[in-house]
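Examining the three-dimensional arrangement
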Amino acid sequence: MISVEQALEKVLSYVEVLGREEKPILECLGQVLDEDVYSPLNVPPLDNAAMDGYALQAESSRGATESSPAILDVIGEVSAGALPEQVVRPGTAVRIMTGAPLPRGADSVVKFEDTDEALRSRHPISKIGILKEIAKGLNVRRAGEDISRGQLVLEKGTPLRPQEIGVLASIGKTTVAVIRRPVVAILATGDELVEIDQPLPQGKIYNSNSFSLAAQVIRYGGIPKILGIAPDREKEIEAKIRQALDSDLLLTSGGVSMGQYDLVKDVLAKQGEISFWTVRMKPGKPLAFGLIYGDGRRVPHLGLPGNPVSSMITFELFARPAILKMMGKKNLSKPMIEAVSESRMENTDGRRVYARVMVRREGDRYFARVTAPQGSGILTSMTRANGLAIVPEDIAAIAEGETVQVLMLDWSEE
Ligand code: AMP
Ligand code: MG
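The following refers to the structure shown. Remember, predicted model here, so these are calculated numbers, not experimental data. (Residues numbered from 1 in each chain as written. Chains lettered and ligands numbered in written order. Predicted model: local features only at pLDDT ≥ 70, side-chain atom pairs only at ≥ 80, totals over all residues. Heavy atoms only, no water.)

1. Describing the overall build of the protein chain
Worth spelling out the cut-off: Strands are runs of DSSP state E lasting at least two residues, helices are runs of H or I lasting at least four, and both sets are numbered from the N terminus onward. Atoms counted for the radius of gyration: C-alpha only. Globule rule: 2.2 Å times residue count to the power 0.38. For the accessible areas, the method is Shrake-Rupley and the probe is 1.4 Å, while residue cover comes only from the protein chains on display. Under this rule, positive means Lys or Arg and negative means Asp or Glu; His and the chain ends count for nothing. Every charge is mapped onto a representative atom, which is NZ of Lys, CZ of Arg, CG of Asp or CD of Glu.
Looking only at helices and strands, the protein chain has 7 helices and 27 strands in total. A globule of 414 residues ought to have a C-alpha radius of gyration of about 22 Å, yet the protein chain, at 31 Å, is considerably larger. Its C-alpha atoms give the protein chain principal-axis dimensions of about 95 × 55 × 40 Å. Total accessible area computed for the protein chain in this model is approximately 19800 Å², and 52% of it derives from carbon and sulfur atoms. One finds the centroid of the 49 positive side-chain charges in the protein chain at a distance of 1 Å from the centroid of its 54 negative side-chain charges.

Here it is as structure tokens:
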């Protein structure tokens, strides 16, 4: 048996960062930038108003108070998107809207609330009272204060979140080079499996793993390629596995334990190579890893256990980091927190236990409660969990009230 860390290290040593693609920015959410992006322009392009109000020279407000306002001549109005023609001189002001370019000569904007505009009934307004003295530069957004022309805005290697997509848009970049998404082939194995749109004969079960796994692939940025079900026959498993040769990773579920019909490993022994079989963890002990060969390609293969919970958890621990590495991500681990255990969690045979827990926050502490029942065939236990509490290999049990490390599956701060 090998440890979770050793297994992960092996998996990661077999996967490489993928090549690049150039795509419209909105299709790149979650992908990693593969170019340094420099700005061709200033953002904002011109000095402009940060508030609705009056553009003026701060000097013109000198000595103004509510009881003795500075009265200025209003020489025009400018809205966002327009270009002001007027030149502001001492004693004059231009009515201005947020985002509108500052007229020449003006150095500040006084907001409506600091004028007597509300008291004036004649429109258009020809005179305005400024009710207080303002500092030069007030409520003015400077040209280039966000991004200046020629600036390195986003560095190669940056994962693109909504804010990065927005920044790319703000400099008029329509497409961008990113590390492409991995295509992940998913194959379910087992004579007992039936596709979900078919009637369910006695003795059979629906193939749920392909769906939970495909959803996990999508969630972490990959593109699932569902290969369907292979019955427990060498020839058919072989044929299906061949269909994965144009993918970046093959995930199979089932058929990797010691059962009589566990054939994936036999097929792999012929069509590729196998790296290891058992990991010191629970659930999910049987796990295969290797490469499949064919058409001049070598595709990494992760053989996940068939039990629905085990397959999802081993995906989180091994397939997810592999996918993220292929996508060029640097941070491959999920967030871990410390929680107070509200359940007794046992480790009976020296394997690291990943217990499904629901974590909640109370004050400044987290509490983790085991979701019952915990059988690795009970998929609904995953629907009631938001984290995996860890009982280390060398600890027999975590008692109620003790601290436990929890790997968060869903994390609002993620
Ligand atoms: P195996 O690893 O093939 O021995 O399968 C272990 C358990 O997981 C068995 O009870 C299988 O019926 C179940 N199982 C295997 N594959 C799937 C699947 N694709 N969907 C749902 N359950 C599965
Ligand atoms: Mg099976």
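2. A short note on the environment of proline 224
Worth spelling out the cut-off: Burial classes follow relative accessibility: with a 1.4 Å probe on protein chains only, a residue under 20% of its type's maximum area counts as buried, one over 50% as exposed, and anything between as partly exposed. Every residue pair with non-hydrogen atoms within 4.5 Å of one another is taken to be in contact.
Note on placement: proline 224 falls in strand S15 (residues 223–230). A relative accessible area of 25% means that proline 224 is categorised as partly exposed. Residues proline 224 and serine 210, 14 residues apart in the sequence, show an inter-C-alpha distance of 9.4 Å. Contacts of proline 224, omitting those with residues within four sequence positions, involve Val184, Ile186, Ala214, Val217 and Ile218.

3. Points about the site of ligand 1
Basically, it comes down to this: Note on terminology: near, applied to a residue and a molecule or strand, indicates that one of the residue's heavy atoms is within 4 Å of it. By the criterion applied in these results, polar contacts are pairs of N or O atoms within 3.5 Å in which, for protein atoms, one can donate a hydrogen and the other can accept it, and in which residues neighboring in sequence qualify only through two side-chain atoms.
Neighbouring ligand 1 are 16 residues; Glu192, Asn207, Ser208, Gly255 and Gly306 lie closest to it. Within the side chain of glutamate 192, an N or O atom sits 2.6 Å from an oxygen atom of ligand 1. Between ligand 1 and glycine 255, the relevant distance is 2.9 Å, taken from an oxygen atom to a main-chain nitrogen or oxygen of the residue. Of all elements in the fold, only strand S12 (183–189) and strand S14 (205–206) reach the threshold of two or more residues within the shell around ligand 1.

4. What about the sheet that holds strand S7 (residues 108–111)?
This is how the line gets drawn: Strands pair, by our definition, only if DSSP identifies at least two bridges between them. A fitted line through C-alpha atoms serves as each axis, taken over the contacting stretch for helices, and the angle formed by two N-to-C directions is quoted from 0 to 180°.
The strand order across the open sheet formed by 5 strands is S7-S4-S6-S5-S8, and the pairing between neighbours is mixed. Each edge of the open sheet is held by one strand with a lone partner, namely S7 and strand S8 (127–130). Each neighbouring strand pair of the sheet contributes to a mean axis angle of 40°, computed without reference to strand direction. Relative to strand S6 (residues 92–96), strand S4 (residues 53–56) is paired through 3 bridges, and the arrangement is antiparallel. When the sheet's bridge partners are listed, tyrosine 54 is paired in S6 with arginine 95.

5. Some details on the pairing of strand S23 (residues 352–362)
Where strand S18 (residues 281–282) lies against S23, 2 bridges are found, and the strand directions are parallel. By the bridge assignment for S23, lysine 282 is matched with valine 353. By the bridge criterion, 5 bridges tie S23 to strand S25 (residues 387–391) in an arrangement that is antiparallel. Note that in S25 the partner of alanine 355 across the bridge is alanine 389.

6. Observations concerning the packing of helix H1 (residues 4–14) against helix H6 (residues 308–326)
Each pair of packed helices can be summarised by the angle the axes make with each other and by the distance between the axes. Keep this limit in mind: For any pair of crossing helices, the crossing counts as left-handed if the nearer helix is rotated counterclockwise from the farther one by less than a right angle, and right-handed if it is rotated clockwise. Asp, Glu, Lys and Arg are counted as charged, while Ala, Val, Leu, Ile, Met, Phe, Trp, Tyr, Cys and Pro are counted as nonpolar; the rest, among them Gly, fall into the polar class.
Where H1 meets H6, the axes come as close as 9 Å, and the angle between the chain directions of the two elements is 35°. Viewed along their axes, H1 and H6 form a crossing whose handedness is right-handed. Along its contact with H1, which presents Val4, Ala7, Leu8, Val11 and Leu12, the element H6 presents Leu317, Phe318, Pro321, Ala322 and Lys325. In the contact of H1 with H6, the residues fall into 9 nonpolar, no polar and 1 charged.

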